[in-house]
Amino acid sequence: MNFLRGVMGGQPTGPQPTGAETIQKLCDRVASSTLLEDRRDAVRALKSLSKKYRMEVGTMAMDHLVRILQTDRSDTEILGYALDTLYNIVCNDEEEEPEENQQKQDDDLGALFTDKFVQETENVTLLLTLLEEFDFHVRWPGVKLLTALLKNQCAQVQGIILVSPMGVSRLMDLLADSREVIRNDGLLLLQQLTKGNAAIQKIVAFENAFERLLDIITEEGSSDGGIVVEDCLLLLLNLLKNNSSNQNFFKEGSYIQKMKPWFEVGDDNSGWSAQKVTNLHLMLQLVRVMVSPVNSPGATASCQKAMFQCGLLQQLCTILMATGVPADILTETINTVSEVIRGSEVNQDYFASVNAPSNPPRPAIVVLLMSMVNERQPFVLRCAVLYCFQCFLYKNHKGQGEIVATLLPSTIDANSISAGQLLCGGLFSADSLSNWCAAVALAHALQDNLTQKEQLLRVQLATSLGKPPVSLLQQCTNILSQGSRVQTKVGLLMLLCTWISNCPIAVMHFLHNQDNVPFLTGQISENLGEDERLVQGLCALLLGICIYYNDNSLENYTKEKLKQLIEKRIGKENFVEKLGFITKHELYSRAAQKPQPAFSTPEHMLFDHEFTKLVKELEGMITKAVLKSSEEEKKEEEVKKTLEQHDSIVTQYKELIREQDSQIKELKEQVTLLTSQNEKMQSTVSQQLSQIQQHKDQYNILKLKLGKDNQQTGNQAEAAHVNGLQPEELNQLREQLEELQRQNQLLQTQLAEKDSLITSMKAEGVPSAEGSTSEVTELQREVELLKAELQSQTAEITQLQRERQELLKGSETRAAVPGENSLYTEKIAELESRLSAQTAETQKFKGEVKTLLESRESMEKDLASATSTAAIMQAEKNKLQQEVQESKKEQDDLLMLLADQDQKILSLKQRLKDLGETIEDEDDLDSKDQFDDDDEEEEEEECDE
């Protein structure tokens, strides 16, 4: 502790150690002390020396401080001292204003120690881990240290954080910290982190950054807020600028709608603070980022639509027409409105309807043009108004027509100031900047619009009293010939080139004036200064347009004569060289980069962005047209005519084919319609025919019923009355008889089927299926009996029917005899009983038939098995028969051999006899053998006894 007192302050007792020696001792104490308190005191001392002895502390103590961060994680105080010391080492103090050499040396030290720290990627990862510590003394210096590292080595630290797990998420948590100082420094950290790294920008955006930042802006008071709002807006610009993915996410998340309250400006606009101006300026830039012309057309159009629907464009137009708005805010608002309406028809129409709060009300476009042609207005404001007018006319043929219409004689209103009057006034004023701006604005009213180019030829100007009016086209060439300033000449030449390009009528009007071509050739052929070379190039471009778009309607100025004039007066090579000077100009390249006019001084305001596109398109074509010979042109014209004829023929055939296609299509539609109608009519006819047939059948049935009813009504009524029976009972008897007849027929058909089945079974039977055949025979016998019974039943039913008919006839013939009623009643009762008995017996027969059918099915199964067994036996029998045949054949062969052998033996015996040999006969030998066999059998019998 005495050592530390000597270091930190106290009475000197001897020669004082140098700063490097002191720092070395402190580093040794940090490395070797076992007590946490000693290490903490040593780190505190290093912190106090780190600003004065930055080089020494960074060189000797950095490794020890990193080790403290790794090992002493439990003590937040020593962690805070170590982080503060590292921050002092790597941070370049911006608060003080040292000399230039000292500042450069400090920057070098910061970069040196930052390289040393981030050389080990684990150090940055360790720092990200420490940011999770909630303690203020750890988190705040950690945020400041990481911010300083990003400032010194942005790309390297971004790469480490990007690959670190949850690295960006840990930094996003800083925005949710309740301590404002940490949250505000977290904003600064995220600003450095998101610079120029699209991947980190996307991660931060998807970590809900937009929602948090917009909430912070609202909490801090929007445009009236302080530096925190500015930091949030700068971070939003980092996330959205040149990042289409984040822009789409911002639009899809409906965050554009949340920007509208930022631009709610009250009536009292006096006393704007510098911070409010800065905040509103950044807010306007944020809107422009979403609708920038460099974005994809689809994304820009969708953002423009959203801004109109949510009322943001209306709010911006309110600021545009408000009073008391600072000049730089007004200028930026005009630029913002320009890009919100650029190329959007709906937004352009709305802007055309906006009126300034004046008496009488004037259109906003007129008010803005008044500022543009007023030389007392600031230069940047006049440039902004020109850009706004250009964006209003961009791809807006309707707006172009409205602007040109204010110049036409039939629509001029002497009591009001119109846009056309302001443009003409600026075009011919004494201020060269007004001339240039008015010429460019009028050129945009003619851009890609042939109709308005022809309409503008009608404009006549009264130059002075007593002189006839001249056309606007001629007045522009008159001003050119009067020796105006370069800026005025360039503006008028750009207007004339835009006007007559792709418009042969305008070319004819221009060439009709005999002074124009000599003036252009004279300007091109002269040897002028450096400033006038651009004018010469534009004159060459104008003359080249007169050649390229010439329809040869003027005999004195045909294409061929103009080219001959160039060759004689200027020279083709000299002409092409002067023409090529336009694209080589430095201001041409600058203007071609983006649509917005961006000029540092009024003198640099020479080229328009849209005109650079026209030059790029026409330069090559004009060069070819001038350099071509007459023969080549004739050939090209012939080829062109041939192609045109061919195209016309093809066009005629195409039209013919289109007509035929349309006719075929119509005929197909008619055929389809007629087919559908035919089908409907056929279906209707078939339905009607079926209905007619049904009505006929019903009519025939009714007719038959009526005839029978008329014939039998009287008899049946009398019989029923005589017999004492009701008609319902007779109907029941009739139905029962019919049912019995049907059952009888059914039984007969079933018996016939069984007979045929039995016959087929008999025909297909095999000898091995004897049991099944006997069962089938028994079944047939039973069926025969059943047949006999059914026949008897049928006979009885027939007898019953005959008796019933006799009864009915008797009832008709004897209706007058009252005594016989009881007899007929008894007979009918007897018939009914017999019918019921027959019905019961029929039911019994049905059961027997069912039983027989079941037994038949089982017998069929047995017969099938017996048939299969018989088939197997038959196959075996065939096999055995084949074997017997083969054995018989072998025996026959053996017999033949034996016969041959016997013949040979006989022939041999005969020869032996002839030779005198005695030979025993085979019969004797056989008899002898037989006697021997008999003796042996007798001996065996005796032995058995």
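Values in this document were obtained by computation on a predicted structure and should not be read as measured data.

Engineer: I would appreciate a short explanation of the overall build of the protein in the present structure.
Structural biologist: Looking only at helices and strands, the protein features 40 helices and four strands. Burial analysis of the protein (945 residues in total) assigns 40% to the buried set. Long-range pairs, those at least 24 residues apart, make up 71% of the contacts in the protein with a sequence separation of at least 6. Here the protein has roughly 53,200 Å² of accessible surface; of this, 51% comes from carbon and sulfur atoms.

Engineer: Explain the nonpolar core to me, please; I cannot follow it from the model alone.
Structural biologist: Inside soluble globular proteins, nonpolar side chains tend to come together where they are buried. Leu-146, Leu-171, Trp-262, Phe-263, Phe-351, Trp-499 and Leu-541 are the most contacted members of the largest nonpolar core, which totals 208 residues. For this core, the element with the most residues is helix α22 (residues 379-393), which contributes 12 residues. Not counting residues within four places of it along the chain, the set of residues in contact with Trp-262 comprises Leu-214, Ile-217, Ser-222, Ser-223, Leu-233, Leu-236, Leu-280, Met-283 and Leu-286.

Engineer: It is not clear to me how unusual backbone geometry should be interpreted in this structure. Could you clarify?
Structural biologist: Working note: non-glycine residues mostly have negative phi, and peptide bonds are mostly trans. The backbone phi angle of Asn-242 is positive, close to 60 degrees, even though this residue is not glycine. Here Asn-242 shows up in the loop between α14 (227-240) and α15 (244-252). One non-glycine residue, Ser-254, lies in positive phi territory at about 60 degrees. Residue position: Ser-254 is located in the loop between α15 and α16 (274-290).

Engineer: Help me out: how do you make sense of the pattern of salt bridges in this one?
Structural biologist: Opposite charge on two side chains permits pairing when their charged atoms draw close. Applying the stated criterion to the full structure yields 20 salt bridges. The residue Glu-77 makes a salt bridge to Arg-40 at a minimum N-O spacing of 3.7 Å. Note that Glu-77 is positioned in helix α5 (residues 76-90) and Arg-40 in helix α3 (residues 36-49), a separation of 37 residues in sequence. Looking at Glu-77, the relative accessible area reads 34%, which means it is partly exposed. On the accessibility criterion, Arg-40 (15% relative accessible area) is buried. Ionic pairing is found between Arg-183 and Glu-220, a salt bridge with its closest N-O pair at 3.0 Å. Of this pair, Arg-183 sits in helix α11 (residues 180-193) while Glu-220 is found in the loop between α13 (209-219) and α14, placing the two residues 37 residues apart along the sequence. Taking relative accessible area as the criterion, Arg-183 reaches 7% and is therefore assigned buried. Where salt bridges share partners, they join Arg-40, Asp-41, Arg-44, Asp-75 and Glu-77 into one cluster.

Engineer: What is the right way to look at a negative patch on the surface in this model?
Structural biologist: A cluster of like negative charges, contributed by Glu-883, Glu-886, Glu-890, Asp-892 and Asp-893, occupies part of the molecular surface. Its place among the elements puts Asp-892 in helix α39 (residues 821-914). A relative accessible area of 45% means that Asp-892 is categorised as partly exposed.

Engineer: What is the right way to read the packing of aromatic side chains from this model?
Structural biologist: Describing an aromatic ring pair means giving the distance of the ring centres and the angle of the ring planes. Counting across every chain of the model gives 12 aromatic pairs. Pairing Trp-262 with Phe-263 gives two aromatic rings, centres 6.5 Å apart and planes at 55 degrees, and the pair type is tilted. The pair Trp-262 / Phe-263 is uniform in exposure class, with both members buried. When the centroid spacing of 5.5 Å and the interplanar angle of 90 degrees are considered together, the rings of Tyr-588 and Phe-607 count as edge-to-face. Taken together, the residues Tyr-588 in helix α34 (residues 586-591) and Phe-607 in the loop between α34 and α35 (609-627) connect sequence positions 19 residues apart. As far as burial versus exposure is concerned, Tyr-588 and Phe-607 are alike and both buried. In this structure, Arg-342 packs its charged tip against the face of Tyr-394, placed 3.8 Å from the ring centre.

Engineer: What's the story with the packing of helix α24 (residues 419-427) against helix α25 (residues 432-446) in this structure? I'm lost.
Structural biologist: Between two packed helices, what matters for the description is the angle formed by their axes and the separation of those axes. Their axes nearest at 7 Å, the elements α24 and α25 cross at an angle of 135 degrees. The angle between the axes of α24 and α25 places the two elements in the oblique class. In the crossing of α24 with α25, the sense of the turn from one axis to the other is left-handed. Contacts between α24 and α25 involve Leu-423, Gly-426 and Leu-427 from the former and Ser-434, Asn-435, Ala-438, Ala-439, Ala-441 and Leu-442 from the latter. Looking at the contact of α24 with α25 residue by residue, the class counts come to six nonpolar, three polar and no charged.

Engineer: Please clarify how helix α19 (residues 327-341) should be interpreted in this entry.
Structural biologist: The periodicity of an α-helix, 3.6 residues per turn, causes residues three or four places apart in sequence to face the same way. Taking 1.5 Å of rise per residue, the 15 residues of α19 would be expected to cover 21 Å, and the 21 Å separating its terminal C-alpha atoms lies within 8% of that figure. The buried count for α19 comes to 12 of 15 residues, which makes it a mostly enclosed element. Along α19, the residues that are buried comprise Ile-329, Thr-331, Glu-332, Thr-333, Ile-334, Asn-335, Thr-336, Val-337, Ser-338, Glu-339, Val-340 and Ile-341. Buried positions along α19 lie against α16, α17 (297-309), α18 (312-321), α20 (345-353), α21 (364-372) and α22. Downstream of α19 by a residue or two, Gly-343 has a phi angle that is positive, lying close to 75 degrees.

Engineer: I keep staring at a nonpolar patch on the surface and nothing clicks. Help me out?
Structural biologist: Among the surface-exposed residues, Ile-649, Tyr-653, Leu-656 and Ile-657 lie close enough to one another that they form a single nonpolar patch of about 380 Å² accessible area. Topologically, Tyr-653 is positioned in helix α36 (residues 630-723).

Engineer: Honestly, the environment of Cys-391 in this entry has me stumped. Any pointers?
Structural biologist: With respect to the helices and strands, Cys-391 occurs in helix α22. The buried category is assigned to Cys-391, whose relative accessible area is 1%.

Engineer: Teacher, can you tell me more about the state of the cysteines here?
Structural biologist: For the coordinates displayed, the defined rule picks out zero disulfides. Sulfur of Cys-497: no disulfide; nearest cysteine sulfur belongs to Cys-539 and is 8.4 Å away. With a relative accessible area of 0%, Cys-497 lands in the buried category.

Definitions and limits used
- One numbering rule holds for all chains: residues counted from 1, following each sequence as written.
- Local features in a predicted model are, by the rule used here, given only for residues with pLDDT of at least 70; side-chain atom pairs are given and counted only at 80 or more, and totals for whole chains, interfaces and linings are based on all residues.
- Working from all heavy atoms in the structure, the side-chain values ignore hydrogens and water.
- Here a strand is any run of E in DSSP of at least two residues, a helix any run of H or I of at least four, and the numbering for each starts at the N terminus.
- Think of it in three bands: with a 1.4 Å probe and only protein chains considered, a residue is buried below 20% of the maximum accessible area for its type, exposed above 50%, and partly exposed in between.
- We call two residues in contact when some of their heavy atoms are within 4.5 Å.
- Using the Shrake-Rupley algorithm and a 1.4 Å probe, accessible areas are obtained, with residue cover drawn only from the displayed protein chains.
- Throughout this description, the term nonpolar core refers to a set of buried Ala, Val, Leu, Ile, Met, Phe, Trp, Tyr and Cys residues connected via side-chain atoms within 4.5 Å.
- Salt-bridge detection follows one rule: a side-chain nitrogen of Lys or Arg within 4 Å of a carboxyl oxygen of Asp or Glu.
- Patch building starts from residues that exceed 30% relative accessible area and form no salt bridge, then joins like charges within 9 Å and nonpolar side chains (Val, Leu, Ile, Met, Phe, Trp, Tyr) within 5 Å.
- Under the convention used here, Asp and Glu are negative, Lys and Arg are positive, and both His and the chain ends fall outside the count.
- For the purpose of locating charges, the reference atoms are NZ of Lys, CZ of Arg, CG of Asp and CD of Glu.
- Ring pairs are drawn from Phe, Tyr and Trp, using the six-membered ring of Trp, whenever the two centres fall within 6.5 Å, and their geometry is named by plane angle: stacked under 30 degrees, edge-to-face over 60, tilted for the rest.
- For a lysine, the NZ atom is tested; for an arginine, the CZ atom; a charge sits over a ring if that atom is within 6 Å of the ring centre and within 35 degrees of the ring normal.
- The angle between two axes is taken between their N-to-C directions and runs from 0 to 180 degrees, where each axis is a line fitted to C-alpha atoms and a helix contributes only its stretch in contact.
- The scheme is simple: roughly parallel for angles under 35 degrees, roughly antiparallel for over 145, roughly perpendicular for 65 to 115, oblique for anything else.
- Take the far helix as your reference; a near helix turned counterclockwise from it by less than a right angle gives a left-handed crossing, and one turned clockwise gives a right-handed crossing.
- The nonpolar class holds Ala, Val, Leu, Ile, Met, Phe, Trp, Tyr, Cys and Pro. Asp, Glu, Lys and Arg form the charged class, and all remaining residues, Gly among them, are polar.
- A helix is expected to reach a length of 1.5 Å times the quantity of its residues less one.
- Disulfide: a pair of cysteine sulfur atoms within 2.5 Å of each other.

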